[in-house]
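Spelled out from the first residue to the last, the chains are:
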Amino acid sequence: MTLFLNQLINGLHVGSIYALIALGYTMVYGIVRLINFAHGDILMVGAYTAVVLTTMLGLPFPVVVVLVILVCVLFGVLIERIAYKPLRSSPRISSLITAIGVSMLLQNLALLIFTPTPKPYPFSLNIPPLSIGGLQIGFTTVLTIVVSAALMILLQVLVAKSRAGKSMRAVSEDYDAAQLMGINVNTTITFTFAIGCALAGIGSVLYGLAYPTVSPTLGSLPGLKAFIAAVLGGIGIIPGAMLGGLIMGLAESLTKAYISSRLSDAVVYGILIVVLLFKPSGLLGRRTREKV
Amino acid sequence: MKKRAWVSLVLALILGLSTLSTIVMAEDTVKIGGIGVLSGPYAVYGLAVQKGVNLYIEELNAAGGINGKKVEVLWEDTRGEANDGVLAFNKLVQNDKVVGIIGPVLTGVTRAVAEYAADENIPMITPSATAYDITTDRANVFRTCFLDPFQAVQMARYAKDEGLTKVGVIYDNGTEYSKGLYEAFVQECAAVGIEVVATESAAYGDVDFKSQLTNLKNTAPEAVFLPYYGAEAALMLTQANDIGFETRFLGADGIADVVDSIGNKQLLTKMTYSDHFSTQADSQMAKDFVAAFQAKYDEEPSVSFSATGYDAAVVLCDALAKAGPEMKFEDTIAAIKATDVEGVSGKITFDDHNDPIKSAFIMTFDENGNKLFVKMQNP
């Protein structure tokens, strides 16, 4: 029983990270109908930012976290302004290809600057695991789950209650009508990218603490998994991204633990295929979708 | 007409003199061919071998050479290409008439050259090619580095010597290195009476090992064998620490670079692994080697192929000395086969497959991530 609970917690840990990144995909998709393939690489940008700030400037952990988030936001906003905005009225396939291009650009820049040799993530929380009953839960795990849950609640509140959230919902519902109603669409889109990338920045810190090696392709795999999580939950729907991420994390972890590590990806993708067969718009997708 | 006669006369003279001079040269020196990657991205390995070999030859010549004759190593660069390796081999054997070959360095090049070497039946010792099949069915081809599975065998014996009775294993089922080590380790554990209580695997490229580590933790092994390279090992040590998994970790030479990828160096103190050589080795020969290397090249022999290169030269020269003044290929090969010498990387003998039976260097780390030599694991 303890073993099973431990494996569930392992799954929640991975799942929370997927969910956090999936939020970025889903929010951007909800607003501009663009799958931002460069989103996973923002994670990598965040990780290298932490490496550079710590090894070169020797800044303490909390300062680094704040700066990592800022750098990620800056990258996200710049990418949106430079690469996606000029293509907003072009066919969707153009933006999609641009997104893949941006992803490659970021990865290759990192390869050029930092070389392919992995670098250690500069921080590790050397705090002994918490014991609850017979359960031993790693501190990083608890931190990741708690932080992700808090951020998701915060995001829900932001989208539901705040003015910016209201305009995000309006833009996602009807782009032109929102514009007619006097909503500044450009600011709203930039704001969406900024929020998504801030989450990716926090995600990069949590990811770095859990998997402390930093390489130029660090973002590809979690990026892909998070994208699938977003699709699984229903792309464009915020609670869907969270649900999708958690399901993926749990499925992966339990498959590795009880079936075979070789099958973990097969099981995850299998779930995706089955869900899409029966519910093409994802688990939480509705016919009249409430987007973002 | 007259002019032409002069020219031919001069040419004949030059030709005659040059053949004469090679004969004279052949009489005073023993020529050994050295083949290795001395330029390009893999040059670090070839140059390490070259430095090791040249160091031994210099020492040998200072001590009188082989039966009073000086030894000369003729080096050829393969640039890491199989074609260049074969060209180098042909040049050394046909033009220079070498009595034996040290090299090549890279596995791919060695595989190609070994094919030709087998046809010529010339004694050849590679200091670094680890693929199993290179010495298979080639009585004349030897190596002084150990094979990957051999390290796992040594690690299992080390675990036995440490009094461990219950171990777990996690391996990567997508790489040959990891799988080979895993299989050899489990086999040797059965042979020496260590119980393997849990076996977990991970897919190639995975970064999350917490599920497998949690399963391992549940069986409470005294040590876990990780046949991985440094980057993955760093992830595993960190994640094991995260889930509160207190145990020892054992690994092979892939672990040597773990220190570059781990942030929390403290965790490395739980890691023990095997390597080909250590600059801290306690044998007198190894100490002398490190000191001489330092004096000659002004650097530490940090790439262990300097040591296996030195040993390749030791083995070949020892065999040439025993082969008699004519240094016939078959006599030298028989002498290498019967080798029983002390090298810098331990005592060397050869098995039926021409692989060395030699000591592994058991290593660990201090809390700052510096490598510490533990002991020699003798076969």
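The rules we used
Residues numbered from 1 in each chain as written. Chains lettered and ligands numbered in written order. Predicted model: local features only at pLDDT ≥ 70, side-chain atom pairs only at ≥ 80, totals over all residues. Pairing = 2+ DSSP bridges. Helix = DSSP H or I, 4+ residues; strand = E, 2+ residues; numbered from the N terminus. Axes fitted to C-alpha atoms, helices over the stretch in contact; angles between N-to-C directions. Contact = placed C-beta atoms within 7 Å. Buried ≥ 20, exposed ≤ 12 C-beta atoms within 10 Å, placed from the backbone. Core = buried A, V, L, I, M, F, W, Y, C linked by C-beta atoms within 7 Å. Domains from an automatic or database assignment. Nonpolar A, V, L, I, M, F, W, Y, C, P; charged D, E, K, R; others polar.

Concerning the sheet that holds strand β9 (residues 248-251) of chain B
All names here are of chain B. Taking strand neighbours across the sheet as the criterion, the seven strands line up as β7-β6-β8-β9-β10-β14-β15 in an open arrangement whose pairing is mixed. Among the strands making up the open sheet, the edge pair consists of β7 (195-202) and β15 (371-377). Sheet twist, expressed as the mean angle between neighbouring strand axes with direction ignored, is 25°. Bridge count between β9 and strand β10 (residues 271-275): three bridges; the pairing is parallel. Residue L250 lies in a different strand from β10, and its bridge partner there is T272. Seen against the sheet, helix α7 (residues 210-218) touches β6 (166-172), β7 and β8 (223-225) and runs at an angle of roughly 170° to β7.

Structural notes on the environment of K371 of chain B
Residues and elements named next belong to chain B. Residue position: K371 is located in strand β15. You can call K371 partly exposed: it has 18 C-beta atoms within 10 Å. On a C-alpha basis, the gap between K371 and L268 in space is 9.6 Å, while along the polypeptide they are 103 residues apart. Setting aside residues no more than four positions away along its own chain, K371 makes contact with M363 and F365.

Regarding the sheet that holds strand β1 (residues 29-36) of chain B
Residue and element names in this part refer to chain B. As summarised here, the arrangement of the five strands in space is β2-β1-β3-β4-β5, forming an open sheet in which the pairing is parallel. The sheet is open, and its two edges are formed by β2 (70-77) and β5 (141-143), each paired on a single side. Pairing geometry for β1 and strand β3 (residues 101-102), over two bridges, is parallel. Bridged to G33 within β3 is I101. Docked against the sheet, helix α2 (residues 43-62) engages β1, β2 and β3, running at close to 165° with respect to β2.

Concerning the nonpolar core
A19, A22, C72 and A229 of chain A together with F185, A313 and L316 of chain B are the most contacted members of the largest nonpolar core, which has 198 residues in total. Per-element accounting of this core gives the leading share, 16 residues, to helix α1 (residues 2-32) of chain A. When we break this core down by domain, the ones giving at least three residues each are domain 1 (9-146 + 283-359) and domain 2 (149-275) of chain B. Setting aside chain neighbours within four positions, we find F185 of chain B in contact with A152, M155, A156, V169, F225 and P227 of chain B.

Notes on the pairing of β15 of chain B
Residue and element names in this part refer to chain B. Inspection of the sheet shows strand β14 (residues 360-365) paired to β15 by six bridges, in the antiparallel sense. If you follow T364 over to β15, its bridge partner there is L372. Between β14 and β15, which pair antiparallel and follow one another directly, the connecting turn spans five residues, one of which, G369, has a positive phi of 85°.

Observations concerning the domain arrangement of chain B
Along its sequence, chain B is carved into domain 1 (9-146 + 283-359) and domain 2 (149-275). Inter-centroid distance (C-alpha atoms) of domain 1 of chain B to domain 2 of chain B is 35 Å.

Some points on the interface of chain B and chain A
Contacts between the two partners involve 23 residues from chain B, matched on the other side by 26 residues from chain A. At the level of secondary structure, the elements contributing two or more residues to the side of chain B that touches chain A comprise β7, α7 and α8 (230-242) of chain B. For the side of chain B that touches chain A, the residue count by class is eight nonpolar, 12 polar and three charged.

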